[in-house]
Amino acid sequence: DLSVDHPADDLQRIPPRRWLLWWSLSALWWLAQGVTSATITRGMSGVSWERALIANLTSAALWVPVTVLALWMAERATIDRHQWKRTLPLTLGAAFGVVVIRAAVVVATNDWVGWYRELPSLPVVLFTSLSNNFFLFVLLVGVGHAIAYARRVSERDRQVARAELQHLKAQLHPHFLFNALNAISATVRSDPELATRMLSQLSVVLRHAIRRVGAQEVPLEEELQLLTAYVEIEQLRFEDKLRVQWHIDPDARQAMVPHLLLQPLVENAIRHGIAPSATPGTVEIGIHRRGATLHLSVSDTGVGWTDGGTAGEGIGLSNTRSRLRQLYGSAQSLQVRAVQPRGIEVDVSIPFREARSA
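Below: a short report on this structure. All residue numbers refer to positions counted from 1 along the written sequence of the respective chain. Note on the predicted model: pLDDT of at least 70 is required for a residue's local features to be given, and 80 or more for side-chain atom pairs to be given and counted; whole-chain, interface and lining totals, by contrast, use all residues. Hydrogen atoms and water are omitted, and side-chain values are computed over all heavy atoms in the structure.

### With respect to the side chain of Ser 349
Note the cut-off: Starting at the N terminus, helices and strands are each numbered in turn, a helix being any DSSP run of H or I of at least four residues and a strand any DSSP run of E of at least two. Counted as a polar contact is a pair of N or O atoms within 3.5 Å, where, for protein atoms, one must be capable of donating a hydrogen and the other of accepting one, and residues adjacent in sequence contribute only when both atoms are in side chains. Contacts between residues were defined by any pair of non-hydrogen atoms, one from each residue, lying within 4.5 Å.
For Ser 349, the position within the fold is in strand 7 (residues 344-351). Looking at Ser 349, its side chain comes within polar contact range of the side chain of His 295, at 2.9 Å. Sequence-distant contacts of Ser 349, defined by excluding residues within four places in its chain, comprise Thr 293, Leu 294, His 295, Ala 331, Gln 332 and Ser 333.

### As for unusual backbone geometry
This is how the line gets drawn: Remark: exposure states derive from per-residue accessible area (1.4 Å probe, protein chains only) relative to the maximum for the residue type, with buried under 20%, exposed over 50%, and partly exposed in between.
Cis geometry marks the peptide bond from Gln 340 to Pro 341, where omega comes out at 0 degrees. Locating Pro 341 in the fold gives a position in the loop between strand 6 (333-338) and strand 7. We note that Glu 239 has phi near 55 degrees; this positive angle belongs to a residue other than glycine. One non-glycine residue, Leu 260, adopts positive backbone phi at about 60 degrees. Residue placement: Leu 260 occurs in the loop between strand 3 (256-258) and helix 7 (262-274). For Leu 260, a relative accessible area of 6% translates into the label buried.

### Quick look at the nonpolar core
Keep this limit in mind: Definition of nonpolar core: a set of buried residues of the types Ala, Val, Leu, Ile, Met, Phe, Trp, Tyr and Cys, connected through side-chain atoms within 4.5 Å.
The biggest cluster of nonpolar side chains holds 48 residues, and the ones touching the most others in it are Val 266, Val 283, Ile 287, Leu 294, Leu 296, Val 348 and Ile 350. Ranked by residue count, the leading element in this core is helix 6 (residues 220-238), at 10 residues. In this structure, Ala 60, Trp 63, Met 73 and Val 98 belong to the second largest nonpolar core, which totals 16 residues.

### Some points on the pairing of strand 6
To be explicit about the condition: Any two strands between which DSSP finds at least two bridges are classified as paired.
Here strand 6 pairs with strand 7 via six bridges, running antiparallel. The residue bridging Val 336 from the neighbouring strand is Val 346, located in strand 7. Taking the residues between adjacent antiparallel strands as the criterion, strand 6 and strand 7 are bridged by five residues, where Gly 343 takes a positive phi near 120 degrees.

### With respect to helix 7
Note: α-helices contain 3.6 residues per turn, so residues at a spacing of three or four share the same orientation. Condition: Here a helix's expected span is defined as the number of its residues, less one, multiplied by 1.5 Å.
Given a rise of 1.5 Å per residue, 13 residues ought to cover 18 Å, and the 17 Å separating the end C-alpha atoms of helix 7 matches this to within 8%. With 11 of its 13 residues buried, helix 7 lies for the most part within the structure. If you check which residues of helix 7 are buried, you get Leu 262, Gln 263, Pro 264, Leu 265, Val 266, Glu 267, Asn 268, Ala 269, Ile 270, Gly 273 and Ile 274.

Below you can see the structure in the form of structure tokens.
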């Protein structure tokens, strides 16, 4: 359930890092607020700096745990359309509790802190506490709700993106396996020895693919091992009709790349470029690093565009476009263009990330 109407499952237990963040930010905020208020109080009332600092810093320090309480209530007692009848009274009760406790603290510590030159009656202290603290606490709860809601929306978006990526990647496995098995089945009767060699390479490809089934990014070296085995299957299938050239920048070999990024591009080049051609063709695979960007290209000398100016966009290429958008947003690009005298080139640009630091 990716709805943001209910607290996410991870909110049932607040992580320690979130507690630390709450306490740290609350302490810093109220420390700055206390010093600022002390400066204003001293300038307006003429009291000593020490007295102004003690009173305002004490008041600010008391708001630190109250702020953490408000943030906690926003997480655990969310006021939404499903449970507001239960959580709204809890929030209002907590607000009145803060009013009473703050009034009690004022009465108990007035002689030391100097909240009042002369302590007024208890009803006056309670009313002052109500006007100063009730709506401020409710406001803090509202801020906590806004933060929690924004975080839930962000988490929901991440879950949607992860689900989309897993779906896109899951599409590649049966698609690739079907094509590979189809190629092998075509040679089983005519050339059993060739079919056996192709099956051997297919087992290498599947071993690499399955080992990283849950990963979205892998080191380039792993991707190249998988791609090499796939290319060998196709070279066994097409024999002299298919040539493959590799241009790999040594500086790029430590990069992280999307799992199964190159294989669909090479498959596209062979299937739509080399296979329909009456003459032998070449597929060139280039990987280069330019600063903070990794460039990957797959080009072929096949038949080129034969359908009015658009390259074949089957599952492989369209799937790759979607995965790149999900993984890198606007920091990626995928371009398809014609090359001379004939053929098609696919260029991919992604942020360079070293495998050691990934």
